[in-house]
Amino acid sequence: MGVWEAILITVVTAATPLLIAAMGELVVERAGVLNLGIEGMMAVGAACGFAAAILSGSTILGILAAIAAGLVLSGLFALLVLGLATNQVASGLALTILGLGLSGLIGAGFVGTQREAIPPVYIPGLTDLPGGHVLFGENPFVYFSLALAFATLWFLGRSRAGLTLRSIGENHASAHALGLPVLKVRLAAILFGGACAGLAGAYLSLVYTPFWSPGMTAGRGWIALALVVFASWRPLRLLFGAYLFGGATVLQLHAQAASLGIPSQALSAFPYVATIVALVVMSVGRRSATAPGSLGAPFVPDR
Amino acid sequence: MTALVALRGIVKRFGTLTANDHVDLDVQPGEIHALLGENGAGKSTLVKILFGLLQPNEGTIRWQGREVMLSGPDAAAALGIGMVFQHFSLFDNLTVAENIGVAMPKGDGLADLEARIAAVGKRYGLALDPSRPVWTLSAGERQRIEIVRALLREPKLLILDEPTSVLTPQEAETLFSTLDTLAAGGCGLLYITHRLEEVRRLCHRATILRAGKVVAACDPRQESVAALASLMVGSEVAEVRPAAAHALGPVRFSLNGLTLPSSDLHGVALKAVSLEVRGGEIVGIAGVAGNGQAELFGAMSGEDLAASAEAVTIDGKPVGRDGIDARRKRAAAFVPEERNGHAAAPRMTLSENVVLSRHGDGMARGGLVDLRAAKDMAQAIIKAFDVRKGKVDPPAGTLSGGNLQKFVVGREMLRKPGVLIVNQPTWGVDPGATATIRQALIDLAASGAAVVVISQDLDEIYAIADRIAVIHDGELSKAYPAREIGREQIGLLMAGAGHAHAA
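Residues numbered from 1 in each chain as written. Chains lettered and ligands numbered in written order. Predicted model: local features only at pLDDT ≥ 70, side-chain atom pairs only at ≥ 80, totals over all residues. Heavy atoms only, no water.

1. So, the overall build of chain A
- Broken down by element type, chain A carries 13 helices and zero strands.
- Helices (α) and strands (β) of chain A occur, in sequence order from the N terminus, as α-α-α-α-α-α-α-α-α-α-α-α-α.
- Along the three orthogonal principal directions, the C-alpha set of chain A runs to about 65 × 45 × 45 Å.
- Buried positions account for 51% of the 303 residues belonging to chain A. (Helix = DSSP H or I, 4+ residues; strand = E, 2+ residues; numbered from the N terminus. Buried < 20%, exposed > 50% of the residue type's maximum accessible area, 1.4 Å probe, protein only.)

What follows is the structure, given as structure tokens:
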């Protein structure tokens, strides 16, 4: 494996959790709901996934536990913002704080425990080709995240259910007047977003590190949120954006290793600064043209 | 003959308000049935019940003789009830085809949708381009989407809620012939409007609601417009008196080649708009909704600043770069279209709302609000404009539309402004308050002020304006004397015919 191959693999590794979590949030936001709780759901997913994998000894059970944790937290969020029509920003922030605290509690007994990372795919012959590790030797999560991106693209752009979801996000009052089930679709979207965030958390604790430490999500949930805006709510741009930010993360790691005389803290902040710059450029350029029309607005039908 | 749909004893309460009080209504197949009433009479509530959007507290609905429960719009649509909404239920960023596809019944393939849209369009004369995003379309085209969407489901009953309020006279004619074709084919139509001339032309029967009750049912072809109006209102409606002959003063307000890109993504840019208004006259600006009226009002009031100071003048002084307060200091006053949230803050009291636009008139001293002065002013406005309200100084949002409109118009009127710009002065206002407001505008102009009235209601413009200009896609036509321009010609200008002449 050459140096470039190794670098490409680390880029993919850094991009994958962002892609999974952000793709979930993209679907949620296209349905008109703003869930700022990704960071919290990712943290709980990482803790539960790691704990379940250690206790059961089964990676599959760990992944399932992480998804379940994301579902439970997002279900709580759905209860608040759909059932009680609470403010989505406040509820999402509360969800993040709750998730970060809860993950510390769940993971408390597992700090310092090590576990074998989920191994990458190995296809004899193909993986050993030049560049084969990038194309054929990635982690199963990576292939899943790419499949997720294209499935989302198809779902939103081509399927009837995707059209319904987009309509609801665009204008929930019109959608309701046409008899579309606004709250049911939004519930499904929120749960999907929660499952994706939980899964992205499992990737962190079962593949990326692989161990549990409090606060290990390190703001990736927020970057995922920014990515959705950066991608102007389009799946393919999100795919591109996730790899761009993955690249930025790896770049700063290499810059630190190369000791360029820049303080390491400044380099560590690079992906976050890039996030802010991307958001500023986007909003100056197009006045957030493509934001779903009903994004963040609570829906309360007449009786 | 069994009625297509029969409502019996429908009661709908919202808290203490009874919006529908034992309403009976029958619609026969092949009939165009008018539902008349003032704003707040309960028309919209009744059709929402009929379309499944609201559940009645009491009463029964029979569909072709069989009692039915309408649990939601999908249940109504499954029976064969279609609806064309007043405020369109469209999705601006989706295409025409997507807007139609999303409302088709489940399991209905969307593959041949474009062909079906074209077929319906051909049959009823409703041409549409399926791939255009909705926000690029005019109000008339948007309404066509709503109608095609309803027709694709082959409705037996079609409800239309004030369908002509956004159409040019010519577009309305096209709509009427579509509706005649539908009725001839056996479809029942329930037609809601407050344009009585249309009802007399188009409808076979009329049911009139007042304060939630059915007060009369008649054959509108046998009644006069005045008789229908008094049935709706319950009393004679005062006529607006034209001003006595008076000489015109100098130009008090002008726009000189005003060009302004829109700040809103889907907004309309103003293109070289010029207009001169002299003291003593009312200029009416007609146009179909969404052709730059909001942007024009913003530019005239100073909410949006022009590129050059000379683009807007008040009494000869260039004010194009001055904000709204600076323009007020030059004796201009402004009444925006939206009462709640633009002209008034709904949760604040009337006296606090006085301060919002009148803080320069002795409502503030040494940086502090003089609440006593504000309360006195509020009471003066209430008295002068007969504003009806529950409490002494209630929150603005608790007033009915007509009363709040009288208040916000009165607030500016009592300043005795030299220039008054008003957008949609009587939109959604009952006939009594409408007459009061129109009379006040005429009297203000007669006292020497320059008045600009932006309105989508041609009847209103003809009732009060001395000259009429038409706005289309951000361009303003020249202002024609009202006596010299007919509705036909205005309609053509509203549809954009002016471009051809200009070019």
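2. Observations regarding the overall build of chain B
- Broken down by element type, chain B carries 17 helices and 23 strands.
- Relative to its length of 503 residues, chain B is compact, with a C-alpha radius of gyration of 24 Å against a globular reference of 23 Å.
- Taking the principal axes of the C-alpha coordinates as reference, chain B spans close to 70 × 55 × 40 Å.
- By the burial criterion, 52% of the 503 residues in chain B qualify as buried. (Rg over C-alpha atoms; globule rule 2.2 N^0.38 Å.)

3. Quick look at the sheet that holds strand E5 (residues 66-68) of chain B
Residue and element names in this part refer to chain B.
- The sheet built from four strands is open, its strands ordered E2-E1-E4-E5 with antiparallel pairing. The two strands at the open ends of the sheet, each matched to only one other strand, are strand E2 (17-27) and E5. Here the strands of the sheet are splayed against their neighbours by 30 degrees on average, with no regard to which way each runs.
- Note: strand E4 (residues 58-63) against E5, three bridges, orientation antiparallel. Paired with Ile61 across the bridge in E5 is Val68.
- Strand contacts of helix H1 (residues 43-50): strand E1 (5-14), E2 and E4, with the helix running at about 120 degrees to E1, the strand carrying the most contacts. (Pairing = 2+ DSSP bridges. Axes fitted to C-alpha atoms, helices over the stretch in contact; angles between N-to-C directions. Contact = heavy atoms within 4.5 Å.)

4. Some remarks on a nonpolar patch on the surface
Residues and elements named next belong to chain A.
- Nonpolar side chains collect at one region of the surface, where Leu76, Leu79, Leu98, Leu102 and Leu105 lie side by side and expose about 450 Å² of accessible area between them.
- At the level of elements, helix H3 (59-83) and helix H4 (88-107) are the ones that each hand at least two residues to the nonpolar patch.
- The element that contributes the greatest number of residues to the nonpolar patch is H4, accounting for three residues.
- Within the element layout of this structure, Leu102 appears in helix H4. (Patch = residues over 30% accessible without salt bridge, like charges linked within 9 Å, V, L, I, M, F, W, Y side chains within 5 Å. Areas by Shrake-Rupley, 256 points an atom, 1.4 Å probe, with all protein chains shown as cover. Salt bridge = Lys/Arg side-chain N within 4 Å of Asp/Glu carboxyl O.)

5. Thoughts on the sheet that holds strand E3 (residues 32-36) of chain B
All names here are of chain B.
- Strand order in the open sheet formed by six strands is E6-E7-E8-E3-E9-E10, with mixed pairing between adjacent strands. With one partner strand each, in any of the chains shown, strand E6 (81-84) and strand E10 (213-218) form the two edges of the open sheet. Between one strand axis and the next, the sheet turns by 20 degrees as a mean value, whatever way the strands run.
- Here E3 pairs with strand E9 (residues 205-210) via four bridges, running parallel. What sits directly across from Ala34, in E9, is Ala206.

6. Let's talk about the packing of helix H2 (residues 38-56) of chain A against helix H10 (residues 220-230) of chain A
All names here are of chain A.
- The geometry of H2 relative to H10 is characterised by a closest axis approach of 7 Å and an angle of 135 degrees between their N-to-C directions. Between H2 and H10, the crossing angle belongs to the class labelled oblique. Crossing of H2 over H10 shows right-handed handedness. Contacts between H2 and H10 involve Ile38, Glu39 and Met42 on the former and, on the latter, Arg220, Gly221, Trp222, Ala224 and Leu225.
- A class-by-class count of the residues in the contact of H2 with H10 yields five nonpolar, one polar and two charged. (Parallel < 35°, antiparallel > 145°, perpendicular 65-115°, else oblique. Left-handed = near helix turned anticlockwise from the far one by under 90°. Nonpolar A, V, L, I, M, F, W, Y, C, P; charged D, E, K, R; others polar.)

7. As for the nonpolar core
- Counting residues in each nonpolar core, the largest one holds 97 residues, and the members touching the most others are Leu36, Ile100, Leu158, Ile282, Leu420 and Leu441 of chain B.
- Examining the composition of this core, we find that seven residues originate from one element, helix H5 (residues 139-152) of chain B, more than from any other.
- Composition of this core by domain shows at least three residues from each of domain 1 (5-233) and domain 2 (251-502) of chain B.
- Within the second largest apolar cluster, 77 residues are counted, among which are Ile38, Leu73, Phe110 and Cys196 of chain A. (Core = buried A, V, L, I, M, F, W, Y, C linked by side-chain atoms within 4.5 Å. Domains from an automatic or database assignment.)

8. A look at the side chain of His33 of chain B
All names here are of chain B.
- Inspection of the secondary structure assignment puts His33 in strand E3.
- Of the polar contacts made by the side chain of His33, one reaches the side chain of Glu31; its length is 3.3 Å.
- Setting aside anything within four residues of it in sequence, one finds His33 in contact with Leu25, Asp26, Val27, Leu189, Leu190, Tyr191, Arg205, Ala206 and Thr207. (Polar contact = N/O pair within 3.5 Å; in protein donor to acceptor, adjacent residues only side chain to side chain.)

9. Things to note about H1 of chain B
Residues and elements named next belong to chain B.
- Counting buried positions along H1 yields six of eight residues, so the element is predominantly enclosed.
- Taken as a whole, H1 has its buried residues at Lys43, Thr45, Leu46, Val47, Ile49 and Leu50.
- The positive-phi residue at the C-terminal boundary of H1 is Gly52, with phi of around 80 degrees.

10. Looking at the packing of helix H13 (residues 401-413) of chain B against helix H14 (residues 431-446) of chain B
All names here are of chain B.
- H14 packs onto H13 with a crossing angle of 15 degrees between their chain directions and a minimal axis gap of 9 Å. By the angle between their axes, H13 is roughly parallel relative to H14. The two elements H13 and H14 meet at a crossing, and its hand is left-handed. In contact with Gly402, Gln405, Lys406, Val409 and Met413 of H13, H14 contributes Ala433, Thr436, Ile437, Ala440, Leu441 and Leu444.

11. Considering H2 of chain A
- A rise of 1.5 Å per residue sets the reference length of H2 of chain A, with its 19 residues, at 27 Å; its end C-alpha atoms lie 26 Å apart and thus fit the reference within 8%.
- Among the 19 residues that make up H2 of chain A, 16 are buried, leaving the element largely enclosed by the rest of the structure. (Expected span 1.5 Å × (residues − 1).)

12. Observations regarding the interface of chain B and chain A
- Taken together, the contact between chain B and chain A spans 28 residues of the former and 18 residues of the latter.
- The interface formed by chain B and chain A includes one salt bridge.
- The closest approach of N and O atoms between Glu98 of chain B and Arg166 of chain A, which form a salt bridge, is 2.9 Å.
- Among the secondary structure elements, those contributing two or more residues to the side of chain B that touches chain A are E1, helix H2 (73-79) and helix H3 (96-101) of chain B.
- Across the side of chain B that touches chain A, the residue classes tally to 16 nonpolar, four polar and eight charged.

13. A closer look at the domain arrangement of chain B
Residues and elements named next belong to chain B.
- What the domain assignment reports for chain B is domain 1 (5-233) and domain 2 (251-502).
- On a C-alpha basis, the centroid separation for the pair domain 1 and domain 2 is 32 Å.
- Taken together, the contact between domain 1 and domain 2 spans 13 residues of the former and 16 residues of the latter.
- Of the roughly 1100 Å² buried at the junction of domain 1 and domain 2 (both faces included), carbon and sulfur atoms supply 61%.
- Of all residues in domain 1, the largest losses of buried area upon contact with domain 2 belong to Asn39, Thr168 and Gln170, amounting jointly to 35% of the total for that side.
- In this assembly, domain 1 and domain 2 are joined by zero salt bridges.
- Across the contact surface, domain 1 and domain 2 share zero residue pairs in polar contact (both at pLDDT 80 or more).
- Each residue belonging to the side of domain 1 that touches domain 2 can be placed in one class, and the counts come to five nonpolar, six polar and two charged. (Buried area = accessible area lost by both parts, 1.4 Å probe.)

14. Overview of the pairing of E6 of chain B
Residue and element names in this part refer to chain B.
- Across the two faces of E6 the burial is the same, with Ile81 and Met83 and Gly82 and Val84 all buried.
- Here E6 pairs with strand E7 (residues 157-161) via four bridges, running parallel. Across the sheet, Val84 pairs through a bridge with Leu160, a residue of E7.

15. Topic: the pairing of strand E19 (residues 419-423) of chain B
Residue and element names in this part refer to chain B.
- Summarising burial for E19: five of the five residues are buried, a large majority.
- Here E19 shows no split at all, with Val419, Ile421 and Asn423 on one side and Leu420 and Val422 on the other all buried.
- Bridging between strand E16 (residues 332-335) and E19 involves four bridges; their strand directions are parallel. Bridge pairing in E19 links Ala332 to Val419.
- Examined bridge by bridge, E19 and strand E20 (residues 450-454) share five bridges and lie parallel to one another. Following the sheet pairing, Val419 is matched in E20 by Ala450.
- In this view, the connection linking E19 to its parallel neighbour E20 by way of H14 has right-handed handedness. (Right-handed = clockwise from strand over helix to strand, strands pointing away.)

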